[in-house]
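Summary of structural features
One letter stands for each residue in the lines below.
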Amino acid sequence: MNKFIYDFHLFAQSSQAQYTPLRPNWTGQDPVTYADSYTSAQDLTPEMKTFYDKNLIRLAEPELVHDQFGQMRPIPGGNGKTIEFRKFNALPAVPSDRVLTEGITPNGQFYGVTAITATVVQYGGYITLTDMLNLTAYDNNMQEVMKLLASQAGQVSDKITRDILAAGTNVSYADHGNDGNDERTDLGADDVLTIEDIKKAVRKLKRVNAKTINGSYVASVHPDVAYDLMQDSEWIDANQYAGSGAIFNGEIGKMYGVRFVETTMAKIWKDSTCPTISSGVYRPVYGTLVLAENAFGVTSINNGGIETIVKQLGSGGTADPLNMRSTCGWKLNKVAKILEQSYMVRIESTASFGATAEAN
């Protein structure tokens, strides 16, 4: 136990706010030479590595709003970078084909499985810590650094999934004035999300027999859009029913058989694809995702999905001859994939207080 306390404070003794931006297809090779030269002999013990990995996962989980509704798959260890999601095709429901003749065994049926593959991509980032704040700092710097890194890892992970889902092809447009909106540029300032838009999305899902998630469809919604929905008399706050069962991460309420999770990660567009306010100025458009079961698949954050990497002070060898630097970072292996377009509906709308929102 004493050794654990000693090791923890050994890592917590410095804090230089140097940051290397994450980047897609991150390979671990960094332009800063010393960051690649740490020796494995000075790395964390397995016990400490487990502690930090679990700590990072725990801190990152509040950011993972979208992932909780997908088919979860572990990272394919030892089998390359390709992961396979499987979708079972529905059996035909034709009564005339299912008529049984007395005493005669009918022919069996074949079921179809559609394999959908995706390639896992690696992402990451780290912060370099110096030894100087060991003498001057009052804060537990490692703890604060872990919070920053976990928040970044969680937001990056959630955006990866969000961007995949926001590119879905099953889309509808809010139409508060019944103007026949059928594309993004048609949306006006009054085309905020209403219960009528939710009802239309639910109808789309029900028409293809999309299954609910724990008894309800689920929608991810931006706070600006949630504000508009909450004005409807049919809105029920989550605190009115939370005691009756488990609620989703970020859940704020429900209406018309849809449970809503609120997140600032909900997609916002603000470019030439959006309505024009004036020359070169565009109205922000929000994407609300209404999801059914098995709409998409995603790799799990556990079991190799995310990793904490801490390099101790003194582990840099000749690249850090005066033992001045240590690093703390994260590495994420992630991919998300839409499995069935008809099992998710993206509703695009404006928002009452969204005129100054920025694209995300």
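Throughout what follows, the structure given in this document is the object of discussion. (Residues numbered from 1 in each chain as written. Predicted model: local features only at pLDDT ≥ 70, side-chain atom pairs only at ≥ 80, totals over all residues. Heavy atoms only, no water.)

**A look at the pairing of strand β14 (residues 285-291)**
Here is the rule: A simple rule labels every residue: compare its accessible area, found with a 1.4 Å probe on the protein chains alone, to the largest value its type can have, and call it buried under 20%, exposed over 50%, or partly exposed in between. Runs of E in the DSSP output that reach at least two residues are strands. Runs of H or I that reach at least four are helices, and both are numbered from the N terminus. By definition, two strands form a pair when at least two bridges between them are found by DSSP.
Counting buried positions along β14 gives seven out of seven residues, so the element sits mostly inside the fold. What you see with β14 is no split at all: V285, G287, L289 and L291 on one side and Y286, T288 and V290 on the other are buried throughout. Direction of pairing for strand β7 (residues 217-221) relative to β14: antiparallel, over a ladder of three bridges. Among the inter-strand pairings, S220 is bridged to a residue of β14, identified as L289. In terms of strand pairing, strand β11 (residues 268-269) meets β14 through two bridges, oriented antiparallel. Bridging across to β14, I268 finds its partner in Y286. Direction of pairing for β14 relative to strand β19 (residues 344-349): antiparallel, over a ladder of six bridges. Looking at the pairing, L289 lines up with R346 of β19.

**Some remarks on the side chain of D191**
Heads up, the rule is: Under the convention used here, Asp and Glu are negative, Lys and Arg are positive, and both His and the chain ends fall outside the count. Salt bridges, as used here, are contacts in which a Lys or Arg side-chain nitrogen is within 4 Å of a carboxyl oxygen on Asp or Glu. Whenever a nitrogen or oxygen atom comes within 3.5 Å of another N or O atom, the pair is scored as a polar contact, on the condition that within protein one atom can donate a hydrogen and the other can accept it, and that pairs from neighbouring residues in sequence are kept only if both atoms are in side chains. Two residues form a contact once any of their heavy atoms are found within 4.5 Å.
In this structure, D191 sits in the loop between β6 (171-173) and α5 (195-207). No salt bridge is formed by the buried D191; the nearest opposite charge belongs to R283, separated by 7.9 Å. Polar side-chain contacts of D191 include one of 3.0 Å to the side chain of N181. Ignoring any residue separated from it by four or fewer positions in sequence, one finds D191 in contact with A174, D175, H176, G177, N181, D186, S349 and T350.

**Some points on the pattern of salt bridges**
Within the structure shown, the criterion is met by nine salt bridges. For the salt bridge of K334 with D67, the shortest nitrogen-to-oxygen distance reads 3.1 Å. In this pair, K334 sits in strand β17 (residues 325-334) while D67 sits in the loop between α2 (46-60) and β2 (71-73), placing the two residues 267 residues apart along the sequence. In this structure, the salt-bridge partner of E307 is K331, at a minimum N-O distance of 3.9 Å. Taken together, the positions of E307 in strand β16 (residues 306-311) and K331 in strand β17 put the pair 24 residues apart, joining distant regions of the chain. Salt bridges sharing common partners tie together R184, R346 and E348.

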